[in-house]
Each structure stands twice: as structure tokens, then as C-alpha cells.
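Structural description and commentary
Given next are the chains, with one letter for each unit.
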Amino acid sequence: MMTQIDRLVGSSAFTDLYIEVQQFYATHMQLLDSGAAEEWATIFTENGTFDAPTLPQPTRGRAELTTMMRETAATLADAGEVRRHWHGMIALTPREDDSLHVRCYALVFSSIRSGESRLHRVRVCEDVLVREDGQLRVKTRRVTRDDLG
Amino acid sequence: MMTQIDRLVGSSAFTDLYIEVQQFYATHMQLLDSGAAEEWATIFTENGTFDAPTLPQPTRGRAELTTMMRETAATLADAGEVRRHWHGMIALTPREDDSLHVRCYALVFSSIRSGESRLHRVRVCEDVLVREDGQLRVKTRRVTRDDLG
Amino acid sequence: MMTQIDRLVGSSAFTDLYIEVQQFYATHMQLLDSGAAEEWATIFTENGTFDAPTLPQPTRGRAELTTMMRETAATLADAGEVRRHWHGMIALTPREDDSLHVRCYALVFSSIRSGESRLHRVRVCEDVLVREDGQLRVKTRRVTRDDLG
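Values in this document were obtained by computation on a predicted structure and should not be read as measured data.

Cut-offs used in this document
- Residues numbered from 1 in each chain as written.
- Chains lettered and ligands numbered in written order.
- Predicted model: local features only at pLDDT ≥ 70, side-chain atom pairs only at ≥ 80, totals over all residues.
- Heavy atoms only, no water.
- Contact = heavy atoms within 4.5 Å.
- Buried area = accessible area lost by both parts, 1.4 Å probe.
- Salt bridge = Lys/Arg side-chain N within 4 Å of Asp/Glu carboxyl O.
- Polar contact = N/O pair within 3.5 Å; in protein donor to acceptor, adjacent residues only side chain to side chain.
- Helix = DSSP H or I, 4+ residues; strand = E, 2+ residues; numbered from the N terminus.
- Nonpolar A, V, L, I, M, F, W, Y, C, P; charged D, E, K, R; others polar.
- Buried < 20%, exposed > 50% of the residue type's maximum accessible area, 1.4 Å probe, protein only.

This part is about the interface of chain B and chain A. Contacts between the two partners involve 29 residues from chain B and, on the opposite side, 33 residues from chain A. Summed over both sides, the interface of chain B with chain A buries roughly 2400 Å², with 59% coming from carbon and sulfur. Where chain B meets chain A, there are one salt bridge. Inspection of the chain B/chain A interface yields eleven residue pairs in polar contact (both at pLDDT 80 or more). Mapped by element, the contributors of at least two residues to the side of chain B that touches chain A are helix H2 (12-33), strand E3 (81-94), strand E4 (100-112) and strand E5 (117-132) of chain B. In terms of residue count, H2(B) provides more of the side of chain B that touches chain A than any other element does, twelve residues in total. A per-class count over the side of chain B that touches chain A returns nine nonpolar, 13 polar and seven charged.

This is the structure we're talking about:
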């Protein structure tokens, strides 16, 4: 039996959205990994949330997101560590309210300058993306880690 | 000299198919990794086959596929291990009989609850996908492992 | 504020290009990893360049590219080593001169026959792609390595 999402997949509307999400994640993660904290935070909605198992509560809003990311970037720079975030295996579900629900896998790779490269984390990421002024933004992001129970 | 596939790439028909395959693999692998053996098996045709170097002969049909996957899922659950299957570098070739031939790379990541995450396998996957009742299904899957000669 | 690229993303023209680039990389890397040096080199323009931090100067032109790749392939074959190149997180920017600028992440996985599979390198790849006789080709490729300062 075909579901609503089954009928949508294969249409050019779905295809365009899927690629928009891929380009969005590529741009988004390249900003993150380059340490551009403030620019990165603008890819969330004004009150966008980021939730991860290591956070006592979700980080909320661009100011908090920028602060969180700046601290991480400073710690990594001090350690001579470069991280690369990969989103892949993207399962995209457009909803009737025009939001996009994504469940995807997310890898983090880590390299030490003049050292080794290694797999750092294997995660699952669930995003709700919305459109503002024509552009996709993260309304909510929830990340889980495979190595945590 | 341009081949038939060269002429197809860049057309919206090819693009829509390519994205359909990406979404198909994302959904398919997320079912697999969540241990939903029976649902996962329905993504093969009724007599679909799965061949891998560690199998004495190809697994054939949904009943056998479900059993194989249930056993693997139970073993992993007992060991507190979570696997994530990634398909990428998808080279797609539509054939004249409307089947889709895919050769792609396939990674398997493994995490132990309260332990480490690591790269488990590097594989190459060759699929023949067919459409049934409007939906893509795996008719044949052949997986090889880079660490086996 | 929307930029020119923001306006393009989501259009079917951008979508088709993005998928063409994905299929191009998949085909390209599968040739590379199979050791098909001469075929691989034809995916560059006649005077295409490849620059990497371990090269004293960029490799230029198909003859040099073929030689470089043949030597690498022979070394790997002698060592019983198989490599897999993955491009992902593709940020695509079409330019007004019809060239395509890509900044993407690039992983290299390595497996030893009857041995282990491991992550070998984490890299960033910047390509300028142009169209010749209807097909995409690499005009310039610049690769950096996260583990090198």
C-alpha cells in the first residue's frame, strides 16, 4: 500500500526539496566545522533548539547557539583538532504545514594537526526544518549518540 | 563520446530516479539498523536475493531474509551493539527494461553502548532495483567486502 | 538576505546539476579505486590540474595524472590494499561562466586483504568543473588534509 510520502517521492517537487536539504546541510556543516559560530547559528530559526544527550537541556535561540559553538570551536582550536560533520542517509518527510521532517545519520570525524584522523561519533539526527524568507532553517534538532544507552 | 547513460544524466527523469534511490536507501537502512526485520524484508521483491561473501549461498525470499535479519538483530542486541549502514557514491544506471542498476559503496559503522564507535566494514554493493506497485524493491543485492580477497 | 545561489537552490536547473555532480563523483571515484588510471584521467580536462599538500607542485594534464595514478595503484596492489574515496557534503555553486565550483568533504577508507578496514584520510576537496562535449570534467582540483597544518 502506498502512503502519502510514497506518492510524493519521485516527483520533481520532492526531488528539488531533497537536494535543497542536501545543499543546506553541506553549507551548514562547513560553516560549523570552520568555526563560524555566528553565521552557523543564523541557520536556525530565531528560537531554534538543539538537543543532544550531553546537554542538561536543549540549547535555545541564536545567542545561546553561538555561545555554545564558540566555546566548542575554541576548545578544538586549542587542541589542534579539526572536526568534520557528515549528514547522510537522509529520510525526508514533507508535512502538510510545509515543514520538513528529516531523520538522518550523522558522523563526526576528528583529525589532530600533525596527528591522526579518526571516527569520533556515530549519531542520529532528527530535524524539523521550516522556511523563512525563502530559506530553510532548523526549528528543532535532536541528536542521539549510538554509544550512549 | 557520449554513451546512453551520459545523455540521460542531467535530465529531470534521471534526477528524480536518483533521489528516489537515495530516499529508498535511507529508509531501507534505517529500518535495517532499527532491527525491523520483517518491514526491512518487504523492501525486497517476493523472491529477492541477497548475496554476501560470508553466506554459503544467496539468501532468497522475504521469509529467509526476515529470519537472517532477526538473528543478526538478536545477536547485536545481546552484545549491546548498534550498527549503521551507509550507502554512498551511488552510480545509477537505468536499463531499458525499467530496472535500475546501482553500484555503490557501503560502509558499516558499529557502536557499543557505553563504549566506542568504529568503522566496521567497507563494502561495495550492487543492486538491481525494480518497481512493483509504484515502489522500488531490491530484486538482487550482491555485496562484496574489501577486506576479503 | 538571499544571495544569487540561495535563489538558484530549489530550482530544477540546480537540482539536475547537483545530481549530475553526484553521479560524476561516484563514477569518477569508482574508476579511481578500481585502478583504471587512464580512464580516470579522462575525467579531467586535457590540462586539468590536481593539487594536494603532499605534491611538490600540482599534477597537470592527463598524461601526468595517469602516471601518478598508475604508480599509486601499483603500490597499493603490491601491499594488498584497497582504497575507497568518498565525496560528500557537497556545496555546489554554479558560476556565470557555466563552471561549477564545488567544496566538499572527502574521505578515504583503506582495507587490507585478509586484514582490517580503517579510515585513512579526512580531506576537503575544492573542484572547478567545466562542461566539454556535454560532459562534466575537472579543470582544477585542490585537496587539503585535516591532519596537516
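Residue and element names in this part refer to chain A. All chains considered together, the criterion is met by 30 salt bridges over all chains. Residue Arg-121 pairs with Asp-147 through a salt bridge whose shortest N-O separation is 3.7 Å. Here Asp-147 lies in the segment after strand E6 (135-145) and Arg-121 lies in strand E5 (residues 117-132), a separation of 26 residues in the sequence. Residue classification places Arg-121 among the partly exposed residues on the basis of a relative accessible area of 23%.

In short, shape yes, function no, at least from these values alone.
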